[in-house]
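Letter by letter, the chains look like this.
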Amino acid sequence: MNRLKLILLILMLALWSGIFIGRVSAQEASPPDSASAVKPAPPINVTVVDNPNDNGHFLLIKWDPSPDEKRSTDKVIGYEIYRSDKKDGKYKKIGITAVGIYEYKDGSDIEMYGENPNPRYISIGSIYYYKLRSITESGATSDFTSPLGAAPKENWFHTGKTSYFIAILLYFAIVLYYIKVAKSGKKLYIRPLGGIEAIDNAIGRATEMGRPILFVLGTGTASDIATIAGYTILARVARKTAEYQIPVLVPVNDPVMMSVAQETVRTAYIEAGRPDLYDEKNIPFVTAMQFPYVAAVTGMMIREKTATNFYMGLFYAESLLLAETGTMTGAIQISGTDQTAQLPFFIAATDFTLIGEELYAASAYLSGEPLLMGPLKAQDFMKAILIILIISGVISLSFGWNIIADIFKVNIT
Amino acid sequence: MKRTLPLFLVFTSGMIMLLQHFVPSEESEFIYKYANDWLITVGVYAIMLGIWSLIRVTVAKARYESGERFYAIVTLFGMAIMIFSGITVESQRAGSLFMNIFAYVLIPIQATIFSLLAFYVASAAYRAFRARSVLATLLLITAFVVMLRMIPLGPVSVWNQYLVGWILSVPNLAAKRAIIMGVGLGMIATSMKIILGIERSYLGSD
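Residues numbered from 1 in each chain as written. Chains lettered and ligands numbered in written order. Predicted model: local features only at pLDDT ≥ 70, side-chain atom pairs only at ≥ 80, totals over all residues.

**Side note on the overall build of chain B**
At step 1: Looking only at helices and strands, one finds 6 helices and 0 strands in chain B.
At step 2: Each helix and strand of chain B, ordered N terminal to C terminal, gives the series α-α-α-α-α-α.
At step 3: Compactness check: chain B gives a C-alpha radius of gyration of 26 Å against a globular reference of 17 Å for 206 residues, more than 25% above the reference.
At step 4: If you line up chain B on its principal axes, its C-alpha atoms span 65 × 50 × 40 Å.
At step 5: Out of the 206 residues belonging to chain B, those deemed buried represent 13%.
At step 6: Contacts in chain B between residues far apart in sequence, at least 24 positions, make up 28% of those at least 6 positions apart. (Helix = DSSP H or I, 4+ residues; strand = E, 2+ residues; numbered from the N terminus. Rg over C-alpha atoms; globule rule 2.2 N^0.38 Å. Buried ≥ 20, exposed ≤ 12 C-beta atoms within 10 Å, placed from the backbone. Contact = placed C-beta atoms within 7 Å.)

Structure (C-alpha cells):
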C-alpha cells in the first residue's frame, strides 16, 4: 500500500514538474510578438556632428530611415538613441523619435538641477558616442548601429544671422554717411509729417488756455525702445513748455522711467533757461499696474483739465481708455506708438497719430538738429532699398527663382 | 565730464549687447544674463525711489490741496494697509488679509476699468466710421463687412468669410508688415543715435 502511495506521489510530482517545465519552455518558446517578429534593419547613414550656432553644449545626430519602415508587416515606427561618454562604455537611452523625424538634438547647458547632476548635460570639448536602433510596431528592436562620436564646440558667430548682420552693418554705414553729410552743412530734405507739425500748435493752445500739458510715456519699461523714443520727444516738448511757462505733467508707471523722465524734463528746463519752473512733483510715479495707472492718469486729465495730451511710447489695452477720456475732456491729443494693435485705437480717438517709425523720427523733426537728421535720412534710404528688394523678391519668386529669398533666409533656431 | 562717462558707458554697453546678439557662445550668454540681472537690480532699487515719490506727492496733496485731500488720504491708507498686511511670509497664503484685498478689491476694480473699454470702443468706432470723406467711407464699408463675419447670415456668411479672409490677410496684413518694417528701421536708427551719442536728450545736463 505504501509502495502504491510512493508510486502515485512520484507520478504526481513528475506530472506537476512536467507541466511546470512545459509552461516555462512554452514561455521561452513563444514569447510576445516582439521576439517572434522578424528583426528590423537599423537606421542607416548615421552621423553625429556639433550642433551649429550654439553655446557648445549640444550635438546633432542625423540618420536615414531604416529600409523596414516600408515593409508590409511589423513596420519600423521609431528610433531609439543611446549615448555613452566612452566608445565601449555603458550606453544609456537618451531619446526616442517617431518615423518621419530623422535627427535628434542632444544635450543641455544646465549641469546641475539643485544638487542632482543633469543627465542630459554635455560639456564643451568632450567626446560623446551614440548608437541607434530601430523599433517596430510589436516592440522588436534592430541591432545597434556602430558607435559614432563627436565633441561639441562653442560657436563664436551665428551663421544663421549672417544676412541681417550684413544688413545692420550696411545700415550703420548709411547712417554714418548721412551724419557726415549733415555735419558738412548740406541741407537734407525730409518729408513733412502732419503729427509733428501739430505738436507746436498743441503746445500753443495749452499756453493760450493756461492749462497744463499731459505727457504719457505708456506702460512699457524704461528699456523699451519706444519708451526711449518717448523720452526724446518729451525733452523737446518740455523745452517748449518751459519757454511758454506752462507745466507738463508726466505720470509714470515705472520708477526707472520716473527717474529718466525727471532728468529729461529738468535738463530741458535748464536748457530753456527756466530751471526755477521745474517741479519734480509733476513727474510722479503713480503705480506699476496697468489699470490702476489708467485710473490715475484719467483722473489727472479730468481734475487738472489738461489742454493737450501726448501719448508717446509703448501702449497696450490702456490706449483707448486714455484717449477716449481725453476726447471727453476736450483736449487736443497727439499719439505715437509702434504697437500695430493699438494704432487703430489711437487713430480713431486722437487728433494726430505718429504711426510706427514716425515715433522714432519725431525727436529729429522737433529738434531740427542736422546731426539727428542724418539717421532720419538714412532710415528713408534704407526703406527705399527694402522696397526694391521686396519688389525684386516678388518678381524673382514669381518666375520660380529662389535666389533673393535664399540670400535673406534667416535661421535663428 | 558729467555726460562723458554716461556716454562712454552707453557706447560700450550698447556695442557689447549688439554684438552679443550674433555670438552664441557661453561667454556671450553670460554677458546677456549679467546685463539683465543688472537691470533687475536697478529696478529693485528704483522701486524705493518710486514709493518715495508717491508718498511725497500724495502727502503734499493731502496737506495743501483741499479738493484732492480725500483721494490722497485713501491712497496713503491703502498703501499702508497693503505694505503691513503683505510684509510677512504668511501673507502670500490664500485667505490672508493681503491676498483677500488683492483678490476681492483690487482685481474687481481692475476688471471694472478694463470693461469700460467695451463702451469706449463703441464711441470711438462711431466717430471713426463717420463717412466724412472717400477714405472714411471706404473704412466704414470695410469695417461693416468685417463685422458681418461674426453674425450668422446663412449663405451670405460663406462668401463673406472669403471676402473678410482676403481683407485681413492681404491689404490689412500688407499694411501691418509695412508698419512693422518701418518700426524695425526706426528702432535701429534710434538705437544707433543713442549708442553713438548723437541723441542725448535723455541724459542730464553738464
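Here the narrative resumes, following the displayed structure.
**Comments concerning the sheet that holds strand 2 (residues 58-64) of chain A**
Residues and elements named next belong to chain A.
At step 1: Within the open sheet, the 3 strands sit side by side as 1-2-5. Their pairing is antiparallel. For this open sheet the edge positions go to strand 1 (44-50) and strand 5 (103-107), each flanked by a neighbour on one side alone. Strand-to-strand twist across the sheet, computed as the mean angle between neighbouring axes with direction ignored, equals 20 degrees.
At step 2: Pairing analysis gives 5 bridges linking strand 2 to strand 5, with the strands arranged antiparallel. (Pairing = 2+ DSSP bridges. Axes fitted to C-alpha atoms, helices over the stretch in contact; angles between N-to-C directions.)

**Some points on the interface of chain A and chain B**
By a frequent convention, interface size equals the accessible area lost on bringing the separate parts together.
At step 1: Facing the 64 residues of chain A at the interface are 51 residues of chain B.
At step 2: Listing elements by their share of the side of chain A that touches chain B, those giving two or more residues are helix 3 (162-183), helix 5 (225-244), helix 6 (255-271), helix 7 (290-304), helix 8 (318-329), helix 9 (343-349), helix 10 (357-367) and helix 11 (370-398) of chain A.
At step 3: Ranked by residues supplied to the side of chain A that touches chain B, first place goes to helix 6 of chain A with 9 residues.

**Re the domain arrangement of chain B**
At step 1: Once the domains are mapped, chain B shows domain 1 (14-85), domain 2 (94-128) and domain 3 (133-199).
At step 2: In this structure, domain 1 of chain B and domain 2 of chain B have C-alpha centres spaced 23 Å apart. (Domains from an automatic or database assignment.)

**Thoughts on the pairing of strand 12 (residues 308-314) of chain A**
All names here are of chain A.
At step 1: Counting buried positions over the 7 residues of strand 12 gives 7, a clear majority of the element.
At step 2: As paired elements, strand 10 (residues 213-218) and strand 12 share 5 bridges and run parallel to each other. Bridge pairing links Gly218 to Leu314 in strand 12.
At step 3: Here 5 bridges tie strand 12 to strand 13 (residues 332-337), and the two strands are oriented parallel to one another. Within the sheet, the bridge partner assigned to Thr308 lies in strand 13 and is Ile332.

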